[in-house]
Amino acid sequence: MSTFKHRIVSKNPAQTKALGREIACFLKKGDVVGLFGELGSGKTTLAQSIIKALGVGEPYIVSPTFVLIREYKGKFKIFHLDLYRLNYLQELFDLGYEDYVYNRQAVTIIEWAQKIENFLPKDYLKIELFNKTKLSRLINIEGVGSCSKRAPFLLKKKLSI
Ligand SMILES: Nc1ncnc2c1ncn2[C@@H]1O[C@H](COP(=O)(O)OP(=O)(O)O)[C@@H](O)[C@H]1O
Ligand SMILES: [Mg+2]
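Residues numbered from 1 in each chain as written. Chains lettered and ligands numbered in written order. Predicted model: local features only at pLDDT ≥ 70, side-chain atom pairs only at ≥ 80, totals over all residues.

Draft legend 1. Structural context of the site of ligand 1. In the vicinity of ligand 1, 17 residues are found, and the nearest of them are T16, G42, K43, T44 and T45. Taken together, the elements giving at least two residues each to the shell around ligand 1 come down to helix 1 (13–26) and helix 2 (43–53). Looking at the shell around ligand 1 residue by residue, the classes come out as three nonpolar, eleven polar and three charged. (Near = placed C-beta within 6 Å. Helix = DSSP H or I, 4+ residues; strand = E, 2+ residues; numbered from the N terminus. Nonpolar A, V, L, I, M, F, W, Y, C, P; charged D, E, K, R; others polar.)

Structure representation (structure tokens):
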């Protein structure tokens with residue numbers, strides 16, 4: 001069940017990065033962020049901004065496109081999963097998916113979350129990005145499960161960019 005939904009339009013990458021900083025303020029240990037959207041919709045842009053705002057130095061943040069999982073240490077432990085190249089669900093379970101997604105000590109950000117929608121935890125922050133034009137993206141933010149109770153906090157932070 002989810003009750004909190006918010007929709008914004010990002011007009012350029014800088015606005016998407018600003019959203020990432022707001023989301024980073026909201027996140028607590030144990031949270032999962034599911035990023036849904038096609039290639040080029042801005043998932044990595046958003047994920048990297050969140051990671052940076054959680055205190056990871058920019059030179060260390062790399063695109064996880066060629067590996068499924070990257071781990072960072074910022075304000076807390078951060079796992080960045082990019083499932084673009086995931087061919088079989090079993091690959092993910094072989095990597096210990098559950099240790100990432102149910103890790104109470106870490107924040108886990110998942111790109112291409114749509115590939116594993118049925119295996120996402122019951123509580124998570126769902127963010128869907130849609131390409132509108134070359135520079136604008138429609139972004140839906142939704143708290144799923146108990147996250148819907150906390151997610152309105154994002155609104156109070158003047159999320160509307
Ligand atoms: N409003 C926007 N928000 C995010 N990225 C944007 C925006 N407008 C243009 N872009 C560009 O779109 C591309 C998004 O790429 P990326 O973040 O890697 O997407 P994904 O991880 O979803 O494939 C980047 O080249 C970025 O500069
Ligand atoms: Mg990406």
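Draft legend 2. Main features of the packing of helix 1 against helix 2. Two elements in contact, helix 1 and helix 2, have axes separated by 8 Å at closest approach and are oriented at 45 degrees. Our classification of the angle between helix 1 and helix 2 gives oblique. Here helix 1 and helix 2 pass one another in a crossing that is right-handed. Counted together, P13, T16, K17, L19, G20, R21, I23 and A24 of helix 1 and T45, L46, S49, I50 and A53 of helix 2 form the full contact between these two elements. (Axes fitted to C-alpha atoms, helices over the stretch in contact; angles between N-to-C directions. Parallel < 35°, antiparallel > 145°, perpendicular 65-115°, else oblique. Left-handed = near helix turned anticlockwise from the far one by under 90°. Contact = placed C-beta atoms within 7 Å.)

Draft legend 3. Spotlight on the nonpolar core. Membership of the largest hydrophobic core comes to 38 residues, with the highest contact counts inside it found for V33, L35, I50, I109, I110 and I127. Elements with a minimum of two residues in this core: helix 1, strand 2 (32–36), helix 2, strand 4 (77–82), helix 4 (97–101), strand 5 (106–111), strand 6 (124–131) and strand 7 (137–144). Residues contacting L35, with those up to four places away along its chain left out, are K43, L46, A47, I109, I110, E111, A113, I127 and L129. (Core = buried A, V, L, I, M, F, W, Y, C linked by C-beta atoms within 7 Å. Buried ≥ 20, exposed ≤ 12 C-beta atoms within 10 Å, placed from the backbone.)

Draft legend 4. Main features of the environment of N131. Checked against the element boundaries, N131 lands in strand 6. Since 15 C-beta atoms lie within 10 Å of it, N131 is described here as partly exposed. Residues N131 and G40, spaced 91 residues apart in sequence, show a C-alpha to C-alpha distance of 7.7 Å.

Draft legend 5. Focus on helix 1. With 14 residues, helix 1 should reach 20 Å at 1.5 Å per residue; the first-to-last C-alpha distance of 20 Å fits that figure. Of the residues making up helix 1, those classed as buried are T16, L19, G20, I23, A24 and F26. The arc enclosing the buried residues of helix 1, seen along the axis, measures out at 150 degrees, which places them on a common side. Those residues of helix 1 that are exposed and angled more than 90 degrees off the buried face are A14 and C25. (Expected span 1.5 Å × (residues − 1). Arc of directions from axis to C-beta.)

Draft legend 6. The arrangement of the confidence of the model for the protein in detail. For the protein, per-residue confidence averages 90 on the pLDDT scale, and 91% of positions sit at 70 or higher. Within the protein, the lowest mean pLDDT, 71, falls on helix 6 (residues 152–156), and the highest, 98, falls on strand 2. (pLDDT = per-residue confidence, 0-100.)

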